[in-house]
Amino acid sequence: MCGAFLCLSLIVSPLPARAGTCELAGGERLLTAHAEEPRTIVTEAKSFALAGISPPSLLDERLPDEPLLAAINDFLVARTARAVPLSQKSDRWNRIPAWIMTDSVFLQEELLRQGLAVAVPFAGDALGETCATRLFAAEEEARKAGRGIWKTPGLVHKAKDAAALSSQYGRYGIVEGTIISVGNRPYRTYLNFGRDWSHDFTAEIDGRDVPVFGGEQRLLGLVGKTVRLRGFLEEKGGPMLLLRRSSQLEMMDALQHP
């Protein structure tokens, strides 16, 4: 028998160089560190939040978080890791958001690759949103291979299934669909996935955030494109998802999704 990460680590590949896209250098060594829960690593001096991932229960409360917690602690016991802080400001739980690294392993990426966690958009530019593509690619690899949580069907919702999405209000969701129209308004932009705007799924972008997505013309160019969105679902004349960060929107053609 072996622990979750000790078994998992047998298929870890060397960390590729990606200069200028995802900063992984520096950091401080993690001595006598352990994970109290799947989002928090504690040392004698401070606490770190694992940036860019969340436990499986974020998607579905029936999914167990224990394999993720075990994998993190196995990693910390077996290796001398370092934390690369992404902000000098602590979160509300007094944790510093960070990447957790060794010279060859990016922990968050490997946890996603094994289907033990969910990739989440970052809380702000200071948290290194440029790494989102890399983390989402690891999650996509696990999803296609059916690893970990991705053995469970129905975790990714279809935009055209408004009834199913309506049952998810208040929960974090991943939604795939084709944008059929874009409505630019003075104070907000809508990405429409159906023709009945009072019933079908819609994504909303506040006017102040439109530049984050490349501006109005680029958003208009999304008509006919199949995308994957993630965030908390709410009711607004039908299921709606508010987009604040570019990493909440993935282009499915870039992933060569069937």
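Parameters and conventions
Residues numbered from 1 in each chain as written. Predicted model: local features only at pLDDT ≥ 70, side-chain atom pairs only at ≥ 80, totals over all residues. Heavy atoms only, no water. Helix = DSSP H or I, 4+ residues; strand = E, 2+ residues; numbered from the N terminus. Buried < 20%, exposed > 50% of the residue type's maximum accessible area, 1.4 Å probe, protein only. Areas by Shrake-Rupley, 256 points an atom, 1.4 Å probe, with all protein chains shown as cover. Pairing = 2+ DSSP bridges. Core = buried A, V, L, I, M, F, W, Y, C linked by side-chain atoms within 4.5 Å. Contact = heavy atoms within 4.5 Å. Expected span 1.5 Å × (residues − 1). Salt bridge = Lys/Arg side-chain N within 4 Å of Asp/Glu carboxyl O. pLDDT = per-residue confidence, 0-100. Polar contact = N/O pair within 3.5 Å; in protein donor to acceptor, adjacent residues only side chain to side chain. Axes fitted to C-alpha atoms, helices over the stretch in contact; angles between N-to-C directions.

**A closer look at the overall build of the protein**
Reasoning step 1: Along the backbone of the protein there are six helices and 16 strands.
Reasoning step 2: Here the protein holds 258 residues, and the buried ones make up 51% of them.
Reasoning step 3: Summing over all exposed atoms, the protein offers an accessible surface of approximately 12,800 Å²; the carbon and sulfur share of this is 53%.

**Quick look at the pairing of strand β2 (residues 34–37)**
Reasoning step 1: Strand direction decides the pairing type here: β2 and strand β3 (residues 40–42), joined by three bridges, are antiparallel. From the neighbouring strand, H34 faces β3, where its bridge partner is V42.
Reasoning step 2: The hairpin formed by β2 and β3 contains two residues between the paired strands.

**Describing the nonpolar core**
Reasoning step 1: Core analysis: the biggest nonpolar cluster contains 37 residues, and L30, I41, I72, W99, I100 and L111 have the highest contact counts within it.
Reasoning step 2: Elements that contribute at least two residues to this core include exactly β4 (47–50), α2 (66–78), β6 (82–85), β7 (95–101), α3 (107–113) and α4 (132–145).
Reasoning step 3: Excluding residues within four positions of it along the chain, L30 makes contact with I41, T43, F48, L76, A81, R82, A83 and I100.
Reasoning step 4: Counting residues in hydrophobic clusters, the runner-up holds 21 residues, among them A203, I205, V210 and L219.

**What about α2?**
Structurally, the α-helix is built with 3.6 residues per turn, so residues lying three or four positions apart point the same way.
Reasoning step 1: Between its first and last C-alpha, α2 extends 18 Å over 13 residues, near the 18 Å set by a 1.5 Å rise per residue.
Reasoning step 2: What α2 keeps buried is the set L68, A71, I72, D74, F75 and L76.

**Some details on unusual backbone geometry**
Reasoning step 1: With phi around 50°, T32 is a residue other than glycine that occupies positive phi space.
Reasoning step 2: When you line up the elements, T32 lands in the loop between β1 (28–29) and β2.
Reasoning step 3: The phi torsion at N94 lies on the positive side, around 65°, for a residue other than glycine.
Reasoning step 4: Its place among the elements puts N94 in the loop between β6 and β7.

**Focus: the pattern of salt bridges**
Reasoning step 1: For the structure on display, the rule yields 24 salt bridges.
Reasoning step 2: One salt bridge connects R147 with E141, and the closest N-O pair in it is separated by 3.3 Å.
Reasoning step 3: What makes E141 partly exposed here is its relative accessible area of 33%.
Reasoning step 4: Where E250 meets R230, a salt bridge forms, and the shortest distance between an N and an O atom there is 2.9 Å. Of this pair, E250 sits in strand β16 (residues 249–251) while R230 is found in strand β14 (residues 226–235), placing the two residues 20 residues apart along the sequence.
Reasoning step 5: For R230, a relative accessible area of 0% gives the class buried.
Reasoning step 6: Linked through salt bridges whose partners overlap, the residues forming this network are E139, E140, R143, K144, K158, E176, R228, R230 and E250.

**Concerning the confidence of the model for the protein**
Reasoning step 1: For the protein, per-residue confidence averages 86 on the pLDDT scale, and 87% of positions sit at 70 or higher.
Reasoning step 2: Here residues 1–20 is a poorly scored stretch, pLDDT under 50, and it has 35 contacts once near neighbours within four places are set aside; other chains count.

**Topic: the side chain of Q108**
Reasoning step 1: Among the structural elements, Q108 can be located in helix α3.
Reasoning step 2: Classification of Q108 as buried rests on a relative accessible area of 0%.
Reasoning step 3: A polar contact is formed between the side chain of Q108 and the backbone nitrogen of I100, at a distance of 3.2 Å.
Reasoning step 4: The contacts of Q108, once residues within four sequence positions are left out, are L50, A51, I53, A98, W99, I100 and L135.

**As for the sheet that holds β1**
Reasoning step 1: Here we have six strands laid out as an open sheet, ordered β1-β6-β7-β4-β3-β2, and mixed in their pairing. Edge positions in the sheet fall to β1 and β2, since each of these pairs with one other strand and no more.
Reasoning step 2: Here two bridges tie β1 to β6, and the two strands are oriented antiparallel to one another. Directly across from R29, in β6, lies its bridge partner R82.
Reasoning step 3: Sitting on the sheet, α2 is in contact with β2, β3, β4 and β7, with an inclination near 160° to β2.

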